[in-house]
Structure formats: C-alpha cells, structure tokens
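Fold and geometry: a report
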Amino acid sequence: MGAHRRKCDWCGSGTPIVRDMEPLNPEYQYWCEECARALIIKGDPIETYRELEGEPIYGRLLDEHCTLKRFYSFATA
C-alpha cells in the first residue's frame, strides 16, 4: 500500500505526513498533521522520523510547537 493511500494510524482518517521510525507500538507508525501536532503539544513528539510528503511539515511543527528542545533525527534511508 502506497503512502498516498494509507491513513493515519491514530485517527484512521487523516493523510500521513510523518512516519515514526522507532515507534514504541508498531501499530502507530504513520501520523497525520493534526495527530502529529497533538503529540508535540502533549510533550510526546516523534524523535526519529521520516517526512512523507517531501516537505518538512513535521519539522515545522516541531519548530512551532515544541518547547522542550531535544535532538530529533530525520531518517534519510
């Protein structure tokens, strides 16, 4: 199944923008923008991720909403 047909693993309806490359629960790897934003605001951001849309949407969300500055890794391979 291609990423363009996949849905967010959390809400089941949004189009994923980011994939968690080291998920605690493998059932929750793909996140839409709204659910990813909620994770960041809650204080539980994805730390090792891959952007899916070719734009740094998740990276911008981290910059805008993350108050706890940690080291995040963009997975390239």
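Look up a bit, the structure's there.
In what follows, the accompanying structure is described. (Residues numbered from 1 in each chain as written. Predicted model: local features only at pLDDT ≥ 70, side-chain atom pairs only at ≥ 80, totals over all residues. Heavy atoms only, no water.)

Moving on, we get to helix H2 (residues 57–65). Every α-helix carries 3.6 residues per turn, so stepping three or four residues along brings you back to the same face. Within H2, the full set of buried residues consists of Ile57, Tyr58, Gly59, Leu61 and Leu62. Those residues of H2 that are buried are in contact with strand S1 (16–20), helix H1 (33–42) and strand S3 (48–51). (Buried < 20%, exposed > 50% of the residue type's maximum accessible area, 1.4 Å probe, protein only. Helix = DSSP H or I, 4+ residues; strand = E, 2+ residues; numbered from the N terminus. Contact = heavy atoms within 4.5 Å.)

As a further point, take the packing of aromatic side chains. One pair of aromatic rings is described through two measures. These are the centre distance and the angle between the planes. Scanning the model with the defined rule gives four aromatic pairs in all. Relative to Tyr28, the ring of Trp10 has its centre 5.2 Å away and its plane inclined at 55°; by these criteria the two rings are tilted. Placement of the pair is Trp10 in the segment before S1 and Tyr28 in the loop between S1 and strand S2 (30–32), with a sequence separation of 18 residues. In this structure Trp10 comes out as exposed when scored by relative accessible area, which is 55%. On the numbers, 6.1 Å between centres and 20° between planes, the contact of Trp10 with Trp31 is stacked. Separated by 21 residues along the polypeptide, Trp10 in the segment before S1 and Trp31 in strand S2 bring together distant segments of the chain. On the accessibility criterion, Trp31 (7% relative accessible area) is buried. Feature note: the residues Trp10, Tyr28 and Trp31 constitute an aromatic cluster, connected by ring pairs. Here the basic side chain of Arg6 rests over the ring of Tyr30, its NZ or CZ set 3.9 Å away from the ring centre. (Phe/Tyr/Trp six-rings, centres within 6.5 Å; stacked < 30°, edge-to-face > 60°. Lys NZ or Arg CZ within 6 Å of the ring centre and 35° of its normal.)

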